[in-house]
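Structure at a glance
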Amino acid sequence: MSDVNMMIARNILAILKKQNKKQVDLAAALRTNKQTVSKMLNGARMINAIELKQIADFLGVKMEELTKIAENVSNTDVMHVFMGKVESEQSKNALQIADKLSDMILFHSRVRENGIEMMEVCDI
């Protein structure tokens, strides 16, 4: 399955386009710059719950509309696709461990980035 953050970003982009609004407008509503919004919408930066609520308010939609998962999502995770081609149980276990480790690394990297940005906003 695709990254949930990317699905949320795609939903936001679709609604922006439907409403004829631009990323600059969203940046102004979030009191941030276009670069930060661009990072949010291309998956380089995670969208936190507060921002998600602000985006929903700006777009005039419920948060559920931003977080809905498309029904026709295909499995684009290379690790999971590759796992189907591995035959030995030991290899499958090793791939599962590698998959979990990469997810943890990405998660902690994004948490750190969000923490740094939040500290900057709060002047800590």
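Just above, that's the structure.
Residues numbered from 1 in each chain as written. Predicted model: local features only at pLDDT ≥ 70, side-chain atom pairs only at ≥ 80, totals over all residues. Heavy atoms only, no water.

Some remarks on the pattern of salt bridges
- A full pass over the atoms with the stated rule returns two salt bridges.
- Measuring nitrogen to oxygen at the nearest pair gives 2.7 Å for the salt bridge that ties Arg45 to Glu51. By the burial criterion, Arg45 is buried, and Glu51 matches it.
- For Lys53, the salt bridge identified is with Asp57, shortest N-O distance 2.8 Å. (Salt bridge = Lys/Arg side-chain N within 4 Å of Asp/Glu carboxyl O. Buried < 20%, exposed > 50% of the residue type's maximum accessible area, 1.4 Å probe, protein only.)

Focus on the environment of Met46
- Looking at the secondary structure, you find Met46 in the loop between α3 (34-42) and α4 (49-59).
- When its relative accessible area of 26% is taken as the criterion, Met46 is described as partly exposed.
- Put simply, Met46 and Val111 are 65 residues apart on the chain and 8.0 Å apart in space, counted from C-alpha to C-alpha.
- Beyond its immediate stretch of four places on either side in the chain, Met46 contacts Asn5, Glu51, Arg110 and Asn114. (Helix = DSSP H or I, 4+ residues; strand = E, 2+ residues; numbered from the N terminus. Contact = heavy atoms within 4.5 Å.)

Some words on the nonpolar core
- Counting residues in hydrophobic clusters, the biggest one holds 18 residues, and the most contacted among them are Ile12, Leu26, Leu41, Ile47, Ile55, Leu59 and Leu66.
- No other element matches the five residues that helix α1 (residues 4-18) contributes to this core.
- In this structure, Ile47 is in contact with Asn5, Ile8, Ile12, Met40, Leu52 and Ile55, ignoring residues within four places of it in sequence. (Core = buried A, V, L, I, M, F, W, Y, C linked by side-chain atoms within 4.5 Å.)

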